[in-house]
Amino acid sequence: MVSQSSSRMFQLLQGHNQPAGQRSGRTRLVTKDGHCNIEFGNIEYGNQFAYLVDFWTTFVEIRWRFVLFLFVAAFTGSWFIFSLVWYWIAKSNGDMAGQNRTDGHVQCIDNVNGLTTAFLYSLETQTTIGYGGRALTGHCAGTVVLIVIQSLLGVFINCFMCGIILAKISLPKKRAKTVTFSHTAVICLKKGSLCLLIRVANLRKTLLIGSQIYGKLLRTTITPDGETIILDQVDIDFMVDAGKDNLFFVCPLTLYHVINRSSPFYDLSADTLPHQDFELVVFLDGTAESTSSSCQVRTSYIPQEIQWGYSFLPIISRTKTGKYCVDFSNFSKSVRVTTPHCAHCFEADVDQRNHNNHNQENHNDQLKRGIDNLGFQVIDIHDSVDVTTM
């Protein structure tokens, strides 16, 4: 019996010491870095065409390698297409070397003698380089119209591509990269209540204004009608000591959820927790102080990443010079603490302590007032008139 309990305790400790992310092969809906693991299938053709209608969002959300390819293709393609038009104009007008020119021939374009020189002229026109070797003569109205069209199109391509690159660089989700959550969550006692604790830190000194924290518990449930609901969502309220809205996110915060009768974790215990099948997704919404852009940070915890009976190590201290120091080496580290086996055990223990305290108070009160004797009668004694003297 002793060896079995020792072996079980060693397995529990070994499970708690495993690195986060390697404790379970369970498929997540939300990865640790906030990406959603979801795939859309059997989309109708009309719905796919909607991506092209909303082309700006599509271009902003595509990967950088496709953006760079689009950047090169847009400019190179426009240069080449217009070079074909310039080549056709020069050849049809007889401006190229080797063509039979009549007396009094009026050239439309100077020094465009082939497709290569036509491409160079198109590039020089659209990029406004203008080396001076190739130029319009001004005698053909079609060339004037074409150079205006190419110049306007070049400006449009410049604005569009610069806008896409700027939008991708300033995406709010990039700001979310500097907000991190603890790798594991812990369950322990906090201020006389059994709580689930999570740590979150802002790695930048600029604040996230109006920060709000909340969670969603994702699990598969079966309704009384027998219907299976995959990814059923249950709200999880998180708060800090100062509340849950408009957090002062200047230093790492420890968020906690009170496990009471209204909590979905109320029926769990230290033994049953690792065998559960759910995913706790935590969200942090805020507005970046420097860019005024809204962002959302997400992470998730599976049962194997929730440590029952552990508490986070302190990470905030103050130096001799009066500055506050944050030690991120202990950000996700935890230490074992005395914790009830389950929420029911904790409530029973609290009720027993309250009952004992109530009995002790009654006993102390009785000691102060004395014990009443129901058979005792009060008799009035009057002063006697006769005095006996010796």
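Residues numbered from 1 in each chain as written. Predicted model: local features only at pLDDT ≥ 70, side-chain atom pairs only at ≥ 80, totals over all residues. Heavy atoms only, no water.

1. What to know about unusual backbone geometry
So, point 1. At K191, a position not held by glycine, the phi torsion is positive, near 55°.
So, point 2. Of note, K191 is situated in the loop between β4 (185-190) and β5 (193-202).
So, point 3. According to the relative accessible area criterion, K191 is exposed, its value standing at 65%.
So, point 4. The phi torsion at L231 lies on the positive side, around 60°, for a residue other than glycine.
So, point 5. Residue position: L231 is located in strand β7 (residues 228-236). (Helix = DSSP H or I, 4+ residues; strand = E, 2+ residues; numbered from the N terminus. Buried < 20%, exposed > 50% of the residue type's maximum accessible area, 1.4 Å probe, protein only.)

2. Looking at the confidence of the model for the protein
So, point 1. The pLDDT averaged across the protein works out to 79; a share of 77% of its residues lies at or above 70.
So, point 2. For residues 367-374, every residue scores under 50 in pLDDT, and the model assigns this stretch one contact once sequence neighbours within four places are set aside.
So, point 3. Segment residues 376-381: pLDDT under 50, and zero contacts once partners within four positions in sequence are set aside and those in other chains are kept. (pLDDT = per-residue confidence, 0-100. Contact = heavy atoms within 4.5 Å.)

3. Section: the nonpolar core
So, point 1. Judged by nonpolar contacts, the single largest core of 36 residues is most densely connected at F181, L196, I198, F238, F265, L280 and L284.
So, point 2. Residues W86, A90, M96 and L146 belong to the second largest nonpolar core, which totals twelve residues. (Core = buried A, V, L, I, M, F, W, Y, C linked by side-chain atoms within 4.5 Å.)

4. Side note on the state of the cysteines
Here, disulfide denotes a covalent bond that connects the sulfur atoms of two cysteines.
So, point 1. In total, this model carries one disulfide according to the counting rule given.
So, point 2. The partner cysteine of C108 in its disulfide is C140, sulfur to sulfur 1.8 Å. On the sign convention where negative is left-handed, the bridge of C108 and C140, at about -65° about the S-S bond, is left-handed. Here C140 lies in the loop between β2 (135-136) and α6 (141-169) and C108 lies in the loop between α4 (64-92) and β1 (109-110), a separation of 32 residues in the sequence.
So, point 3. The exposure class of C108 is buried, given its relative accessible area of 4%.
So, point 4. Here C140 falls in the buried class, since its relative accessible area comes to 17%.
So, point 5. Looking at C195, it has no disulfide partner, and the nearest cysteine sulfur is the one in C188, 7.3 Å off. (Disulfide = S-S within 2.5 Å.)

5. As for a nonpolar patch on the surface
So, point 1. Where nonpolar side chains cluster on the molecular surface, the patch consists of F80, I81, L84 and L115 and spans about 360 Å² of accessible area.
So, point 2. Here the nonpolar patch takes three residues from α4, the largest share from any one element.
So, point 3. Inspection of the secondary structure assignment puts F80 in helix α4.
So, point 4. When its relative accessible area of 40% is taken as the criterion, F80 is described as partly exposed. (Patch = residues over 30% accessible without salt bridge, like charges linked within 9 Å, V, L, I, M, F, W, Y side chains within 5 Å. Areas by Shrake-Rupley, 256 points an atom, 1.4 Å probe, with all protein chains shown as cover. Salt bridge = Lys/Arg side-chain N within 4 Å of Asp/Glu carboxyl O.)

6. Quick word on the side chain of T117
So, point 1. Here T117 shows up in helix α5 (residues 115-126).
So, point 2. Within the local environment of T117, its side chain forms a polar contact with the backbone nitrogen of N113, the two atoms lying 2.9 Å apart.
So, point 3. In this view, T117 contacts N111, V112 and R134; residues no more than four positions away in its chain are not counted. (Polar contact = N/O pair within 3.5 Å; in protein donor to acceptor, adjacent residues only side chain to side chain.)

7. Remarks on the pattern of salt bridges
So, point 1. As enumerated under the stated definition, the model contains four salt bridges in all.
So, point 2. As a salt-bridge pair, E124 and R134 come within 3.0 Å of each other at their nearest N and O atoms. With E124 in helix α5 and R134 in the loop between α5 and β2, the pair connects residues that are ten residues apart, well separated along the chain.
So, point 3. Within the structure, one salt-bridge network assembled from shared partners comprises R28, K32 and E305.

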